[in-house]
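# Examining the three-dimensional arrangement
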Amino acid sequence: MDSHATTVDNEVHNPELRHHFADMQQQKNAASLGMWLFLVTEIMFFGGMFCAYLVYRTSHYYALAAASQTIHVLPGAINTAVLIVSSVTVVLAIHAIQVGKPKLCISYLAITIVLGFAFLGIKAYEYNQKFEEHHVPGPTFNFTDAYHTQGKTIPVDPHEAELFFSLYFAMTGMHALHMIIGIGLMSIMALMVWKGKFSPEYHTPLENAGLYWHLVDIIWIYLFPLLYLISRR
Amino acid sequence: MSKFLPLWPDRASTMAGQVDALYIYLLLVSFAMTALIFLAIAVLAIKYRRTRGHQATQIEGSTILEIGWSVIPFGIMLTFFVWGAVLYFKERTPPADSTEVYVVAKQWMWKIEHMEGQREINELHVPTGQNIKLIMTSQDVIHSFFVPAFRIKQDVLPGRYTTAWFEATQPGRYHLFCAEYCGTSHSGMIGDIVVMEPQDYAQWMAGGPTAPLQETGKQLFSSLGCSTCHRFDIQGRGPNLTGIYNKPVLLEDGRTVIADENYVRESILSPTSKIVSGFKPIMPTFQGIVSDEQLNALVAYVKSLSQPPTGAAGLQNQPSASPTGQPQTMQVQ
Amino acid sequence: MASLATPAYSEPKKNYLNDGYGLKSWLLTTDHKRIALLYLVSITLFFFLGGFFAMLIRLELLTPQGDLMQADTYNRVFTEHGMIMVFFFLIPVVPAILGNFLVPLMIGAKDLAFPRINLLSWYLYIIAGVLFLHCLMRGGVDTGWTFYTPYSTVASNTNVIEAGLSVFIVGFSSILTGLNFIVTIHRMRAPGMTWSRLPLFVWANYATSLIMILGTPVVAITIVLVAVERLLHLGIFDPRLGGDPLLFQHLFWFYSHPAVYIMILPSMGVVSELITCFSRKRVFGYKFVALSSIAIAVIGFLVWAHHMFVAGISLYAAMVFSFLTFFVGVPSAVKVFNWTATLYRGSISYATPMLYAFGFIGLFTIGGLTGLFLATLPIDVHVTDTYFIVAHFHYVMVGGVLMGYLGGIHFWWPKISGRLYPEGWAKLSALLVFVGFNLTFFPQFVLGYIGMPRRYWQYPDEFQVLNVLSTAGASVLAVGYLLPMIYLLWSLRYGPIADSNPWAAAGLEWKTTSPPPTFNFDETPVVTWEAYNYDEIEPKELEVPVG
């Protein structure tokens, strides 16, 4: 079924118009507001963990700083670049559909998805590193490092260092879960573009999926400095 | 109060009457407000009941009234707050001359240690007319030390000390309840506070030879090897602990903290959390090596290093010069 | 009361109830009204399950000894009573049933903004409910509904993770409902329905929804951390491993305090509707009542640590939270005064919904005032974790939320079902509820002050008399709750048929048929009047007279 509504019948006959909305504009506004509100809930959701992290950073400074110092910055930095680029490709994809270039849109979405997988791949590599270093909380945990600053070395309680890793895995793990959902969403969007469901006039689900992707990106932008960068030697 | 239908518990501490007074004040205000509302509704509902031919009068509102019945109740509430805060400040500030008693809670019993060494389970003997400060910790989950007759309650946490204080005024036996749900026998974790006249209390205390708590601590200090680094004669690898209790301590990272019970406890269990300025972070942890009771003894010993040489429990904690005349605060020598 | 229905009126041909029969048409519906009924059935079932546990508690507490069940069993019973009532009843009851049904009608919309998400909300509720029932069958959970650490993460040997997961899922049901309401109220009001013309019930649900979306995610992540800690023996909240049990309490209460405003605000919205209709007057101080809902939602986020005054927070933190807690009492007091003032020079009828509204105002006043006792620090130190607290929250939850809900169910019953309920039985039930409730819970204030701690399976002898009084009251209360079940169901078949506006009430929902058609209005209404325009509405000639 050709779902490109003609401009004349746009309002009444647009098959994308749900029956309880008066017109497409109202539907789009509702969908946008709904998405933004959902993003707020996601921020509150991660907020609890950020709060726990900041509290323990303050009360067990040396231990958490020592743990943080063992995290390799390079994979994290690469991942940050990957995500930022992927957000750009999302914007480009939306722009492409806005100017009526669905094939270009799919290309950009594909790149976004590839970048998403790259992110997850690098994350998997990092997790594997942690596993090998015995920094995964639980029965295999073994932390022997210390906090290094200005030539001084301060040993720390491994239990408290384990706190860092508990929160590290919880936060990055939850983030990775959201990445996976994001990849899924983008795949569905690409499929919908391919099937011709979107047009310059109507592509609200794509915009909302884009918003979701940007949120996941922004959460990482906060995670990276807080987990990796502060307290570097 | 009538034993058949009591309205409040016994008043057996200096605070109890004051808390009750505040409570009665709130009761009176609340009764008045409730009566006002109930009466207003009853009168209005009857006076303006629906009758044939009579229409309601539409009234938009009145900003003056709105402000009035926002500000006036808030003003009344502020009196609750201020009276409450003042009393609460007293409740949370143990007097300096308090006798200390250590409490260790565990599922499902209360273990008491007096400074003189007396130990009790589920019972706490205290004399009238003396300020008692409870220093409490838990061995497992959160409990709460609740004595209705004294109007005190304080959660008892694992991993740190919390404190409460009271001065008992009336001899008798009063309920001690655990007030924070802690598992199977939460409602069985009860005991008695036994308040005695001072002479009866002295008699009770004298019965049975036990070492004072700080003596036990002193022995542990030696047997656990603390005295190897924390010396009193020369500058050792660890800070000299004379006179440190309740004094400021300068840390490595520039912070200054007060060396209270929790600081001393943390220093033993997690020494690298706070490193004294000018010292190396080489102290091993004693987590898992000392029990809560032993910790209490060590803390009592460290505190005793701030008292005059003849210091026994109950004497004022004077900030005195240490025996070797070394400075009170920790600094690089 | 057959006189309330116009004799020649016959049941409307097509309405949301008969628009499609069969299980699929109900289980796959996207009609907000049908979803409201799905919630009505499931929430009512959970209410009676929670009530069953309450009955067990009160029976055990008849005697000082623990003789009805073992201590471990009792600990599970009170935990499950609390969890069911808080998460599966009090939080969703008014928004998911009355809110779902009425908000689109009241604003002149055809449905909520996201009907399929609305259905998803219900399915999440059901999945959570089934999971919880499964947890019960496997032995239940005994942490208390507050599942404090380290007991819940380390010491309890019950199904903590499963119970936590169930609460997590039902939390998302709540979040999606809130999200739906906010978007609906912002974007789907009929032409002419400005914010200042909205019924106060809509304002109340809007404020509630703000709390739902901001607060619930925090308890969700807290549950995740507790589950992870318990599963992997981590130390996020365990002091032996460097963690802080107080951090759990802060995270938990950051949601759970605003949660109580999620529970009470919608019921307050109901009361506004009832007071206006049965006084035939616009509410006194509409703007103030509307904004007080928002004020409660905002200030409610600032007071959480008043649950932690004896937990080990600093004395200065306690003072700050005590001060802020007094603030949150002001908007609630403003509402009570405004409702009372609305009665002045009104034309008041004593139909059952109005009786529940009166009951609400009286009991909420008492419950709210006892909240001030708890904000006062030294009093809280003495009565926290005792039956005083239990009495306080039951006054506001049961005397407040539940009475508001019952008033609302009776008020909108004709709209929902197309039938009238029997007024005599309804009045009797309201009376039983009021009397039974006070008898059950007032003695608990005294019990608390004289020192009986809560969550106690056995207690010293001197507390028995008051406990017996309380249990006696509970049996009266139970009858008061069972009766409406019976006569409301009875009315579905034998009740007189209602016309579109049996109460001659203001509000768009009364301008469509009872029950409404699937798409609510035959034509989108255009609003040119203010809310509660009772000066323009003719009262029913044969309206229920005095008494």
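Residues numbered from 1 in each chain as written. Chains lettered and ligands numbered in written order. Predicted model: local features only at pLDDT ≥ 70, side-chain atom pairs only at ≥ 80, totals over all residues.

When you go through chain A residue by residue, the secondary structure sums to seven helices and two strands. Beginning at the N terminus, the succession of helices and strands in chain A can be written as α-α-α-α-α-β-β-α-α. Computed over C-alpha atoms, the radius of gyration of chain A comes to 22 Å, more than 25% over the 17 Å expected from 2.2 N^0.38 for 233 residues, which places it beyond the range of a compact globule. If one aligns the C-alpha atoms of chain A with their principal axes, the spans along those axes are about 75 × 30 × 30 Å. The buried share of chain A, taken over its 233 residues, is 39%. The contacts of chain A with a sequence gap of at least 6 include a subset with a gap of at least 24, amounting to 74%. (Helix = DSSP H or I, 4+ residues; strand = E, 2+ residues; numbered from the N terminus. Rg over C-alpha atoms; globule rule 2.2 N^0.38 Å. Buried ≥ 20, exposed ≤ 12 C-beta atoms within 10 Å, placed from the backbone. Contact = placed C-beta atoms within 7 Å.)

The helix and strand inventory of chain B stands at seven helices and 12 strands. For 333 residues, the compact-globule formula gives about 20 Å, and the C-alpha radius of gyration of chain B, at 27 Å, lies well above that figure. Dimensions of chain B, computed from C-alpha atoms along their principal axes, come out at roughly 100 × 50 × 40 Å. Residue burial in chain B is summarised as follows: out of 333 residues, 38% are buried. Pairs at least 24 apart in sequence give 67% of the contacts found in chain B among residues at least 6 apart.

The interface of chain C with chain B comprises 76 residues on the first partner and 72 residues on the second. Secondary-structure elements contributing two or more residues to the side of chain C that touches chain B are helix 3 (71-90), helix 6 (151-155), helix 9 (245-279), helix 10 (286-299), helix 11 (315-343), helix 12 (352-375), helix 13 (377-383) and helix 15 (423-449) of chain C. Element by element, the count of residues in the side of chain C that touches chain B is highest for helix 11 of chain C, at 14 residues. In terms of residue class, the side of chain C that touches chain B is built from 47 nonpolar, 18 polar and 11 charged. (Nonpolar A, V, L, I, M, F, W, Y, C, P; charged D, E, K, R; others polar.)

Below, the discussion takes up helix 7 (residues 160-187) of chain C. Over its 28 residues, helix 7 of chain C extends 41 Å from the first C-alpha to the last, a length consistent with the 40 Å expected when each residue adds 1.5 Å. Here helix 7 of chain C lies mainly inside the structure; 23 of its 28 residues are buried. (Expected span 1.5 Å × (residues − 1).)

Residue and element names in this part refer to chain B. Assigned domains of chain B: these are domain 1 (1-44 + 94-210) and domain 2 (213-304). Put simply, the middle of domain 1 and the middle of domain 2, counted by C-alpha atoms, are 31 Å apart. Between domain 1 and domain 2, the residue contacts involve 10 residues of the former and eight residues of the latter. Of the residues contributing to the side of domain 1 that touches domain 2, the split by class is five nonpolar, three polar and two charged. (Domains from an automatic or database assignment.)

For the pair helix 2 (residues 24-59) of chain A and helix 7 of chain C, interaxial distance at closest approach is 9 Å and the crossing angle is 140 degrees. Accordingly, the angle class assigned to the pair helix 2 of chain A and helix 7 of chain C is oblique. Crossing angle aside, the handedness with which helix 2 of chain A passes helix 7 of chain C is right-handed. Across the interface between the two elements, A:Gln26, A:Asn29, A:Ala30, A:Leu33, A:Gly34, A:Leu37, A:Phe38 and A:Thr41 from helix 2 of chain A touch C:Ile175, C:Leu179, C:Ile182, C:Val183, C:His186 and C:Arg187 from helix 7 of chain C. Looking at the contact of helix 2 of chain A with helix 7 of chain C residue by residue, the class counts come to eight nonpolar, five polar and one charged. (Axes fitted to C-alpha atoms, helices over the stretch in contact; angles between N-to-C directions. Parallel < 35°, antiparallel > 145°, perpendicular 65-115°, else oblique. Left-handed = near helix turned anticlockwise from the far one by under 90°.)

Residues and elements named next belong to chain B. One open sheet accounts for five strands, arranged 4-10-9-6-7; its pairing is mixed. Pairing within the sheet leaves two strands with one partner each, and these edge strands are strand 4 (123-127) and strand 7 (152-156). Neighbour to neighbour, the strand axes of the sheet diverge by 20 degrees on average, direction disregarded. With five bridges connecting them, strand 4 and strand 10 (residues 191-196) associate as parallel partners. Opposite Leu124, over in strand 10, you have Ile193 as the bridge partner. Running over the sheet, helix 3 (residues 198-206) touches strand 4 and strand 10 and is turned about 130 degrees from strand 4. (Pairing = 2+ DSSP bridges.)

Next up on the list: the environment of C:Gly495. Residue and element names in this part refer to chain C. As for its position among the elements, Gly495 is in the segment after helix 16 (464-494). For Gly495, a count of 22 C-beta atoms within 10 Å gives the class buried. The spatial distance from the C-alpha of Gly495 to the C-alpha of Tyr421 is 6.0 Å, given a sequence separation of 74 residues. If we ignore the near neighbours within four places in the chain, the residues touching Gly495 are Arg419, Leu420 and Tyr421.

What follows concerns the interface of chain A and chain C. Listed by partner, the interface residues are 29 residues for chain A and 32 residues for chain C. Broken down by secondary-structure element, the contributors of at least two residues to the side of chain A that touches chain C are helix 2 and helix 6 (158-194) of chain A. No other element matches the 17 residues that helix 2 of chain A contributes to the side of chain A that touches chain C. Broken down by class, the residue content of the side of chain A that touches chain C amounts to 14 nonpolar, 12 polar and three charged.

Membership of the largest hydrophobic core comes to 345 residues, with the highest contact counts inside it found for B:Val103 and C:Ile361. Tallying contributions element by element places helix 9 of chain C first for this core, with 22 residues. Not counting the four nearest positions on each side in its chain, B:Val103 is found in contact with B:Trp110, B:Ile112, B:Leu134, B:Ile135, B:Met136, B:Phe145 and B:Val156. (Core = buried A, V, L, I, M, F, W, Y, C linked by C-beta atoms within 7 Å.)

With that out of the way, let us pick up the sheet that holds strand 5 (residues 131-138) of chain B. Residue and element names in this part refer to chain B. The strand order 3-2-1-5-8 describes an open sheet built from five strands, whose pairing is mixed. Where the open sheet ends on each side, the last strands, each with one partner, are strand 3 (119-121) and strand 8 (162-167). Going across the sheet, the axis of each strand differs from the next one's by a mean of 25 degrees, ignoring polarity. Pairing analysis gives six bridges linking strand 5 to strand 8, with the strands arranged antiparallel. Residue Ile132 lies in a different strand from strand 8, and its bridge partner there is Phe166.

Another aspect to go through is the environment of A:Leu74. Residues and elements named next belong to chain A. Residue position: Leu74 is located in helix 4 (residues 73-98). Looking at Leu74, the number of C-beta atoms within 10 Å reads 10, which means it is exposed. A C-alpha to C-alpha distance of 9.6 Å links Leu74 and Tyr228, two positions 154 residues apart in sequence.

With that out of the way, let us pick up the packing of helix 2 (residues 32-60) of chain C against helix 4 (residues 93-107) of chain C. All names here are of chain C. At a closest axis distance of 8 Å, the pairing of helix 2 and helix 4 adopts a crossing angle of 160 degrees. In terms of orientation, helix 2 and helix 4 fall into the roughly antiparallel class. The interaxial crossing formed by helix 2 with helix 4 has left-handed handedness. Residues His32, Lys33, Ile35, Ala36, Tyr39, Leu40 and Ile43 of helix 2 lie in contact with helix 4, whose contacting residues are Val93, Ala96, Ile97, Asn100, Phe101 and Pro104. Class assignment of the residues belonging to the contact of helix 2 with helix 4 gives a composition of 10 nonpolar, two polar and one charged.

With that settled, the discussion passes to the confidence of the model for chain B. Residue and element names in this part refer to chain B. With 90% of its residues at a pLDDT of 70 or more, chain B shows a mean pLDDT of 88. In the model, residues 310-333 has pLDDT below 50 throughout and makes 44 contacts with residues more than four positions away in sequence or in other chains. Predicted complex metrics record ipTM = 0.92 and pTM = 0.91. (pLDDT = per-residue confidence, 0-100.)

That bond from B:Gln107 to B:Trp108 is cis: its omega, 0 degrees, falls within 30 degrees of zero. A cis geometry characterises the amide bond from C:Thr149 onward to C:Pro150, with omega recorded as -5 degrees. With respect to the helices and strands, the residue C:Pro150 is situated in the loop between helix 5 (115-137) and helix 6. Positive phi values are uncommon outside glycine, yet C:Arg345 reaches one of about 60 degrees. One can find C:Arg345 in the loop between helix 11 and helix 12. With 18 C-beta atoms counted inside 10 Å, the residue C:Arg345 sits in the partly exposed group. Phi angles above zero are rare outside glycine, and C:Asp385 is one such case at about 65 degrees. Structurally, the position occupied by C:Asp385 is in the loop between helix 13 and helix 14 (387-417).

Right, let's talk about the confidence of the model for chain A for a bit. Per-residue confidence for chain A gives a mean pLDDT of 91; residues scoring 70 or more make up 94%. Confidence drops under pLDDT 50 across residues 1-10 of chain A; counting only partners more than four residues distant or on other chains, this segment forms 12 contacts.

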